[in-house]
Each structure stands twice: as C-alpha cells, then as structure tokens.
Amino acid sequence: MKLRTATSAALVAALALTAAACGGGGSAQPAGDGKSFEFWSFSGINQKQAVEDYKKVKPDVQVKLTEVGGSTETAQALTTALAGGKVPDLVLIQGDDLPKFVQQPQNFQDLRQYGADKIKGDYLDWVISQSTAKSGEIIGIPTDVGGMAVAYRTDLFKQAGLPTDREEVSKLWPTWDAFIETGKKYTAATGKAFVDNAATSVFYQAVNQGPQKYYDPAGNLVYTTSPQVKTAFDLAIKTAQAGITARLSSFEDGWSAAMGKGDYAVISAPSWLLEQIRNNAPATKGKWDVAKIPGGSGNWGGSYLAIPKGAANPKAAWDYIAAMQSPQGQLEHFLKSGALPTTPSVYQDAKLLGRKDPFFSDAPVGKIYTDSLLGLKPFLIGPDSAAIGQEFLNAITDVEQGKGDPAKAWDTALANIKTAIGS
Amino acid sequence: MSATLSRPRSLPAATARVRHSLPERLAPYAYIAPFFLIFAVFGLVPLLFTFYVALFDWNPIGEHVFVGAGNFNRLLADTRFWNAAWNTISIWLLSTVPQLVLALGLAHLLNHARLRLAVWWRMSMLVPYITSVAATTIVFAQMFDRDYGLLNWLLGLVGAGPIDFLQSGWTSHLMIAVMVTWRWFGYTTLLYLASLQAVPRTVYEAAAVDGAGAWKQFRHISIPSLRPVIVFTIVTSTIGGLQVFTEPLLVTTTSPLTCGAVRQCQTLTLFLYEQGFGRFQFGYGAAIGVALFVLIIAIASLNYVLSTRIRPERG
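Keep in mind that what you see is a predicted model, and the values were worked out from it rather than measured.

### What about the overall build of chain B?
- Within chain B, the secondary structure is distributed over 14 helices and 2 strands.
- Computed over its C-alpha atoms, the radius of gyration of chain B comes to 25 Å, more than 25% above the 20 Å expected for a compact globule of 315 residues.
- Buried residues in chain B amount to 43% of all 315 residues.
- For chain B, restricting intrachain contacts to residue pairs at least 6 apart in sequence, the fraction spanning at least 24 positions comes to 64%.
- Total accessible area computed for chain B in this model is approximately 16900 Å², and 71% of it derives from carbon and sulfur atoms.

### Brief notes about the interface of chain B and chain A
- Taken together, the contacts link 58 residues of chain B with 53 residues of chain A.
- Buried area between chain B and chain A, both sides added, is near 4600 Å², and the carbon and sulfur share of it is 60%.
- Ranking the residues of chain B by area buried against chain A places Ile61(B), Tyr148(B) and Arg279(B) at the top, with a combined share of 15%.
- Viewed at the interface, chain A and chain B are joined by 2 salt bridges.
- Across the salt bridge formed by Asp384(A) and Arg279(B), the nearest N and O atoms sit 3.8 Å from each other.
- The interface formed by chain B and chain A holds 11 residue pairs in polar contact (both at pLDDT 80 or more) in total.
- Counting only elements with at least two residues in the side of chain B that touches chain A, the list comes to α2 (22-53), α4 (79-110), α9 (169-197), α11 (214-241), α13 (268-278) and α14 (282-309) of chain B.

### Focus: the UniProt feature "transmembrane region" (unreviewed entry) in chain B
All names here are of chain B.
- In the UniProt entry, the feature "transmembrane region" (unreviewed entry) is given for residues 29-55, 89-111, 123-144, 174-194, 226-245 and 282-306.
- End C-alpha to end C-alpha, residues 123-144 measures 28 Å, and it is 77% helix and 0% strand.
- Between the C-alpha atoms that bound residues 174-194 the distance is 29 Å, and the span itself is 100% helix and 0% strand.

### Focus: the pairing of strand β7 (residues 288-291) of chain A
All names here are of chain A.
- What you see with β7 is no split at all: Trp288 and Val290 on one side and Asp289 and Ala291 on the other are buried throughout.
- Bridge count for strand β5 (residues 150-153) against β7 is 4 bridges, and the pairing is antiparallel. Its bridge partner being in β7, Ala151 is matched across the sheet by Val290.

### Concerning the state of the cysteines
Residue and element names in this part refer to chain B.
- Counting across every chain of the model gives 1 disulfide over all chains.
- For Cys259, the disulfide goes to Cys265, at an S-S distance of 1.9 Å. With the S-S bond torsion at -80°, the cross-link from Cys259 to Cys265 turns out left-handed.
- For Cys259, a relative accessible area of 0% puts it in the buried group.

Rules used in this analysis
- Residues numbered from 1 in each chain as written.
- Chains lettered and ligands numbered in written order.
- Predicted model: local features only at pLDDT ≥ 70, side-chain atom pairs only at ≥ 80, totals over all residues.
- Heavy atoms only, no water.
- Helix = DSSP H or I, 4+ residues; strand = E, 2+ residues; numbered from the N terminus.
- Rg over C-alpha atoms; globule rule 2.2 N^0.38 Å.
- Buried < 20%, exposed > 50% of the residue type's maximum accessible area, 1.4 Å probe, protein only.
- Contact = heavy atoms within 4.5 Å.
- Areas by Shrake-Rupley, 256 points an atom, 1.4 Å probe, with all protein chains shown as cover.
- Buried area = accessible area lost by both parts, 1.4 Å probe.
- Salt bridge = Lys/Arg side-chain N within 4 Å of Asp/Glu carboxyl O.
- Polar contact = N/O pair within 3.5 Å; in protein donor to acceptor, adjacent residues only side chain to side chain.
- UniProt positions renumbered as here; feature names shortened; annotations may be inferred.
- Pairing = 2+ DSSP bridges.
- Disulfide = S-S within 2.5 Å.

Dropping the structure here:
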C-alpha cells in the first residue's frame, strides 16, 4: 500500500507547527501606500459586489480580494497567517469564529486608533460589543446580521392543502410546537418530508432566540443549565422523531439538490441563506415565499471586518471599512446582495422596508428580517460557542438518522461537549 | 563492498596504501548532504518540535502554557482518540485484506506466459494509482450517496432498500476501504508481479510436467516465492493505513473534520487535523502526532523483525 516514511504523519503536524513557532506579531506599523490592500473573505457572502462598488468610488485603489473558502476555512487560514506572520490587510470573520480572536486582541489593530469608537454608536449595541475586547479594543466592524425567517414552497403548500399566503402561513406556526404540528399535517397529506432537517432548521434557530445561549452575560459556561438550550434541543429531537424531516444535513450536496427537487417544503432561512436558495435552485424562482420564524425573533450569523496587527496597508483597509460599512454603505449592499445591515438607523429607510424579492414571490424581505431583529434579546457568543453548537447538532443528527437513542441524546451531547472543550 | 577502491577507513592496511586528499574524503558527504539537510529541515526538526509542543497547551495566536504530560493523560482518557484508533484499524483491515488477496490473484494471472497485450494489462493496473485521491473520493462518495447514488439505485432495481452508507459505522468504513483498495491494489499487484517474474519460467514448466495444475502452481510456487514481498506490503499497508486522511476528509462535505455526526469514520490523522487545525489546540494535536509516531515506530520495528527472520523457502 502506501510507501511513505514512517514518520510523515507526525511531520505533517510538525511542519505547520514550526511555521507557527516563527510567529509573534511585528510591532512596527507601516502605513503602506494607502492605495492598495489585500482582503480575505469567505465565499457565498458576495464581497465581490462590495469590492466592485468600492472601486467605482475609489478607482485609484487596488483591492486584491481572495475568497479563501467557507467561513471556517477562512478563520483557520487567518489563524495560521497570524501565527506565521504573513497576514492580509483586511479579513472577514464570521460571528461564531470571532470570540477566539477577540480573546487575543494583540493580533489585531485596535480600530479605535482610526476612530471606531466615534462610529460605534452607528451599530447595534449587542453586535459591536461582540468585537470589543475585555480591555476595550475594538477589533472588528460588523458587516451584517442574520435575522431569521422561514422560506417555504407555495406550490407544495398548495398541494398539501395548506394556506400559501405569507401572513396566513406565519399564523400557522406562532410556536415551534405549532411548526411541528403543521409539518405532521403536510407529511400526512403528501407523504413527503416537510423540513430539511431538525438540527439546523429547528435547533440552531430556536437556540438563537433568547437572552442566554451557551454563556451567561458574564462569560460563564451555562449550556448544561440554560433552559433555552434544553428547550431548543428537545424541540429538535421532537422534530426528528415526528418523521417530518428529509434527514439532509445543511450545505451537503444532497441538501442543495433537494432544494430544487422539492424534497422538502420548508427551510429556516437567515437572511444570508436566501442567496444560497437562489444559487442552488434557480429553476424554483417564484415558487418560494418567506414567512415569520416561529417564536418571532432571533439572529443567526453575521460577520465582521478586522485588520490584523501585521497588515502592510492598514490605512487603506480602514478606508474601505469606513466607506462600505457606514449605514448608507450597508444599506446599498443590502439592496444589491440581501445582507441585512447592522446599522439600525437605516431600518426605517423606505428603500430597506420596501425591498421585495421577486425570487421569493415578492416577499418584503427587508421588513421581515428587520422585524425579526427588533424583538431580539441578545446573547453572548463565547470562544467555544461554535464547538458546543457542533456537538449538539451532531447528537440531534444522530437521532434523526435513526441511530442515536433520543432518550440519551442530551446526555451524549453534554458528555461530548465536555470532552471537546475540556470543561 | 569488499573489493572496491575505497576500503573502510578503519582498516589500517587500506589507509596505508591509498591516500585520499581532503576534498576526496569529503566528497561522499557532500553527495549525500542534500538529502540529510532537507531531512533535517523538513523531517527531524519538525519532529523534535512536535515532541516539544506536545508538552504545552499551545495557542497559535496566544500563550503557550507548559502542561508536561497533561496532553497525553487527556489523550488516553479521550474516547474520541480510541474511537479514531478503532476506526483506523477497522478501515485498514477492510481495505488491506481484500486488496492483498486481489493483488495476489491478479499478479498470478498477469504473470501468465500466454497473455496477449501483457504490457497493456499490466500498465492499466496503475491507472487508479495515478488518479488524484480527491477525484477518486468525490466520485466514490457520489456513488455511495444515500439519495442519488448509483449503488442505491442498483440496489433499488433488485428490490433492496437504500443503504445510508455514511451514517453507520461499518458501512462508512467499508465505503472508505473500497476507495483505498481501488487506489492501491494495482500498485500492490505490480509489486507482486515483479517478484513473480524473478521466478524462473522453468520452475513452472517443471511443475506442469509433474502434473501440477494452475492452483497447485499458485500455492506451491507463487505464494512461497512472494513471501518476503507479502510481508513488505503488509507492513507498508499498515503504515499507510494508519495515515488514511484524504478519503475520510472528503466523503462528507458538512462535517469533514469528524467524518460524520458521530465521528463514525474519523481516522487518527483526521482527529489530529481536527484538534490541531480545526480547534487550534496545537499542543493536543502534537500529542496525537506523537502517539501516532510511536504506533508507527512500533510497526516499523515489527517490519524489521519479520523481514530478518522470514526468508524465502526457495533457495
């Protein structure tokens, strides 16, 4: 079989570790030429559009945009870059990945030196507070928030004898329990799955709808005792057992394909997910609509722009942030790509409230998603939030696939989290 | 080595007779230096550094806290480590046994004297081996897909229910083992074939004259003459099997680092990668690397013992 040296597996790790050892932030602060900067983003969030727009305003500035991969890969690449010392000038970090970086603010430029503390009032308090370090440094400016809703197929709802109007559909599920009941009706009528899966479409939504998720406001781990987490978990298990899910893991190939084939009628859709439905299932244009999320409000997702400490052109990067992430800049980006602004001053703007999406039967997405933020009770995202969420998700998926014991799933998840994060 | 110009320097008689100038004496070292320099930079130093890092709680962008044996204690108590070790062994068994048996049979067939287009048949064995692992894995993963896979479609034709290969432990292992086998059986076959070709044709002819059929020839001539190379392939496949990485990484798209929701097909190298580069626990990742290193050294030693003890029966 494989003719490799006996040690190569260990070396794979060691090689990168050596690179890591050479790190340590350079403290010299070159201002750069101010005319060019390197920008790492992740795919699927359409930063290309934003960069194109910026070039129109500032034609003399060169932007080298690299879409590193998914949000997780981008955060990994950034960590390696910070450890190795060769960093981009500007980087987009997804909300769940941010706390690890905020805990080590010495790796980033304190954006207060460029005036971030003067404009921080422009952003939702709970959003900007996530990128503020304990000692006060602001290391990231928020670009968008999730906002929550449910996308559903009007044609399939009609076949199942359910209402298709988005107001009436929203009334079908004031609560998650009502959502599950609706699902049972749909599956009984059509014999098909109602929702894509229990883990992301139910658990990840419900757990994001309260004041306290895995951490309390002081930063202590409370995932074992937080009623919000347990309730969301139980709802997801109940959904899995109801037999109304397509058992397709989100973002998997089969999940994308099923979106176009109508193998499920409903999917929980944070604002950024609409873009994925459009791309994955272009032929279903006009068959979708967007209704309110059970429970009414919540947030899943959102990203931040940060400037690493060793950036060669921090000033040019900051100019980009200041121009594109101003309330007006975010509003324009929303109108083009649908990413929901983090700047509440534009939430009453007629252009935002009036935005309708033809792909989704002209649903007033601007109003639906901002409404979902207004009743929101913000919660703290901690350094291990992503790992904890992943283990809960895994336990639910295991039950959904018919392998895991639903009665033991909660204990399994807690045990796995304990192993994963060590506390 | 006995009667060449450059006798070992330890023999006084030799040094007395032939005097080498300093450049001449240094030249051999210069010739072998590139490998050892590159080995030192990319092999030895990182290896030693891994041992060092394994003693720390090492945050790549933060502090490095000395924890001594802490990472190793944690590793031994970590069910995920033992799960990964079991998965690795299971996948290794499921891929190696069929692979070696298949290669043995194929090598025997390809060694046949009257085979037409023999070179073409033999060379085509190497095609899977030169195909990119990533491409192979993606194609196989689609074939094994629960809802849209070719395999489940075929099962459906004969009335069998769809199998969710990835979701249960052993079917996911089987799926990966098939990929590994597919990629390596040709390589192993050619190794065996090369060894078989060294057996004088007359031995087979004599056996045939004595009335031995194909099966008897295979058992009593081919297998014994292949014994050293079989030992070799078993040992190298063990080393390779402990390092299976790309296949489990690529069979799932949503949870690549764990190879499924309950780590059903996470191998040791994948676990190392998850901890080191997914969670950035470099110290813990390094400790897994050290454990893997020890395991591989143990098996390499076994290689040494076996290869010095077992000799071919044929003189």
